[in-house]
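Topology and contacts: notes
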Amino acid sequence: MNYSERKFAIPALDGISQKSVDEHLALYAGYVKNFNTIASKLVEYAADTEKNAHALSELIRRKSFEFDGMRLHEYYFEQFEGGAKKLDKSSALGQAFEKDYHGYFKEYFTAIGNMRGPGWAILYYDPIQKEFQAGFVGEQHQGHFATLPIILALDVWEHAYLLDYGALGKAKYLDAFFKNINWSVCAKRYEALAK
Ligand SMILES: [Fe+2]
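Residues numbered from 1 in each chain as written. Predicted model: local features only at pLDDT ≥ 70, side-chain atom pairs only at ≥ 80, totals over all residues. Heavy atoms only, no water.

Before going further, it helps to spend a moment on unusual backbone geometry. Here His-102, not a glycine, exhibits a phi torsion of approximately 50°, which is positive. Its location among the elements puts His-102 in the loop between α3 (92–101) and α4 (105–113). Even without being a glycine, Glu-139 presents a positive backbone phi close to 50°. Along the chain, the position of Glu-139 falls in the loop between β2 (131–138) and β3 (150–155). Under the relative-accessibility criterion, Glu-139 is labelled partly exposed at 27%. (Helix = DSSP H or I, 4+ residues; strand = E, 2+ residues; numbered from the N terminus. Buried < 20%, exposed > 50% of the residue type's maximum accessible area, 1.4 Å probe, protein only.)

To continue, consider empty space enclosed by the protein. One pass over the structure, following the stated rule, counts 1 cavity of 30 Å³ or more. Estimated volume of the largest cavity: approximately 30 Å³. What lines the largest cavity is simply Ile-16, Ser-20, Val-21, His-24, Tyr-76, Phe-77, Phe-80 and Ala-160. Only α1 (18–45) and α2 (53–78) provide two or more residues apiece to the lining of the largest cavity. The dominant element in the lining of the largest cavity, judged by the number of residues it contributes, is α1, at 3 residues. (1 Å grid on protein atoms, 1.4 Å probe; cavity = no way out; pocket = protein on both sides within 12 Å on 5 of 7 lines; lining within 4 Å. Points joined across faces, edges and corners; volume = space filled by probe spheres on them.)

Sheet strands pair via backbone hydrogen bonds, and the direction of the pair is either parallel or antiparallel. Reading across the sheet, the 3 strands line up as β2-β1-β3 and stay open at both edges, with antiparallel pairing between neighbours. Every other strand in the sheet has two partners, leaving β2 and β3 as the edge strands with one partner each. Between one strand and the next, the sheet's axes are offset by a mean angle of 15°, whatever the strand orientation. As paired strands, strand β1 (residues 119–126) and β3 are joined by 5 bridges and run antiparallel to one another. Bridge assignment links Leu-123 to a residue of β3, and that residue is Leu-152. Contacts from α2 reach β1 and β3 within the one sheet, and its direction differs from that of β3 by about 95°. Packed on one face of the sheet, α4 meets β1, β2 and β3 and runs near 135° to β1. (Pairing = 2+ DSSP bridges. Axes fitted to C-alpha atoms, helices over the stretch in contact; angles between N-to-C directions. Contact = heavy atoms within 4.5 Å.)

Once that is clear, we can look at the pattern of salt bridges. Enumeration according to the criterion identifies 7 salt bridges in this entry. Its salt-bridge partner being Lys-7, residue Glu-5 comes within 2.9 Å of it at the nearest N-O pair. Across the pair Glu-78 and Arg-189 runs a salt bridge whose closest N-O atoms are separated by 2.8 Å. In this pair, Glu-78 is assigned in helix α2 and Arg-189 in helix α7 (residues 183–193), connecting sequence segments 111 residues apart. Here the residues in one salt-bridge network are Arg-6, Glu-78 and Arg-189, joined through shared partners. (Salt bridge = Lys/Arg side-chain N within 4 Å of Asp/Glu carboxyl O.)

So far we have only geometry, and geometry alone does not tell us how the molecule works.
Laid out in structure tokens, this is it:
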């Protein structure tokens, strides 16, 4: 069954232009389309695995690239819905941040976002160990923490900031990203896991 492109109610953002958001959403739609194409080709090629061995292996390799591109963008755009809202310090996430990051989360996460190469800075939560894991995912499929759910996803591919800030503008984009987050979205993700 095909995956469907999600629609997001994103208000005007501060420092991220409408044109950039529109092009980024179109790129997201491409991941959904490509994942569906790969899934249907796999069914077709699986009818003769010997004859199609090379094509199958390439499609299998690309499958998680397209899936992760689709799902991570959904987490990313969702964080802008409802407009910018600061993290409520009395919320479960606010308290956990204070305990684990002592007020330096933004600096730490920005440093991860500033790492070289296309990818994502991602904050996960490990419900088993009950602690956060922040990491850098190359492209969108290399370096995930297996099984861990996502609290915050920050796209740091160049396409996220090239239009507004140019190839050297990542730092300005990171500032803009933090200005526009609706932290209540992340707080809800955390609350669903930390019970
Ligand atoms: Fe992106």
